[in-house]
Amino acid sequence: MYLSMAKKVNVTPKQIVHIVLIFVLFAGSLFAWYNSFKETGLFCGAQTCATCATATMLGVPICVIGAIFFTIALVLAAALWFVE
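Residues numbered from 1 in each chain as written. Predicted model: local features only at pLDDT ≥ 70, side-chain atom pairs only at ≥ 80, totals over all residues. Heavy atoms only, no water.

A. Highlighting the overall build of the chain. Each helix and strand in the chain was counted, giving two helices and two strands. Of all 84 residues assigned to the chain, the portion counted as buried reaches 20%. Considering only contacts in the chain between residues 6 or more positions apart, those separated by 24 or more positions represent 60%. Total accessible area computed for the chain in this model is approximately 6700 Å², and 75% of it derives from carbon and sulfur atoms. (Helix = DSSP H or I, 4+ residues; strand = E, 2+ residues; numbered from the N terminus. Buried < 20%, exposed > 50% of the residue type's maximum accessible area, 1.4 Å probe, protein only. Contact = heavy atoms within 4.5 Å. Areas by Shrake-Rupley, 256 points an atom, 1.4 Å probe, with all protein chains shown as cover.)

Now the structure itself:
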């Protein structure tokens, strides 16, 4: 009796794209921040590989700047979800 009262949820293709975009940006942001902490030596117990600690822009390692941009993109994608 209660099963027939369930609401049907309509998910549009635009919402699916937003969900996938937020998921990809979240995963990329986590990966970028992990690498940033590892490269700058702030992550205890991880070996530092010298791939991006030598490349700097404005005195900040490139991987940290990439992580900041990934996070900004994630926030903008989340804001786009609530605007539409």
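B. Here's a closer look at helix α1 (residues 13-40). For α1, built from 28 residues, the straight-helix expectation of 40 Å at 1.5 Å per residue is met to within 8% by its first-to-last C-alpha distance of 40 Å. Residues of α1 that are buried: His-18, Leu-25, Gly-28, Ser-29, Ala-32, Asn-35, Ser-36, Lys-38 and Glu-39. Tucked into the core, α1 has its buried residues touching α2 (62-83). Remark: Gly-41 follows α1 within two positions and exhibits a positive phi of approximately 85°. (Expected span 1.5 Å × (residues − 1).)

C. A look at the side chain of Ser-36. With respect to the element layout, Ser-36 can be found in helix α1. We classify Ser-36 as buried; its relative accessible area is 2%. A polar side-chain atom of Ser-36 sits 2.9 Å from the main-chain carbonyl oxygen of Cys-63. Ignoring anything within four residues of it in the chain, the contact list for Ser-36 reads Cys-63, Val-64 and Ala-67. (Polar contact = N/O pair within 3.5 Å; in protein donor to acceptor, adjacent residues only side chain to side chain.)

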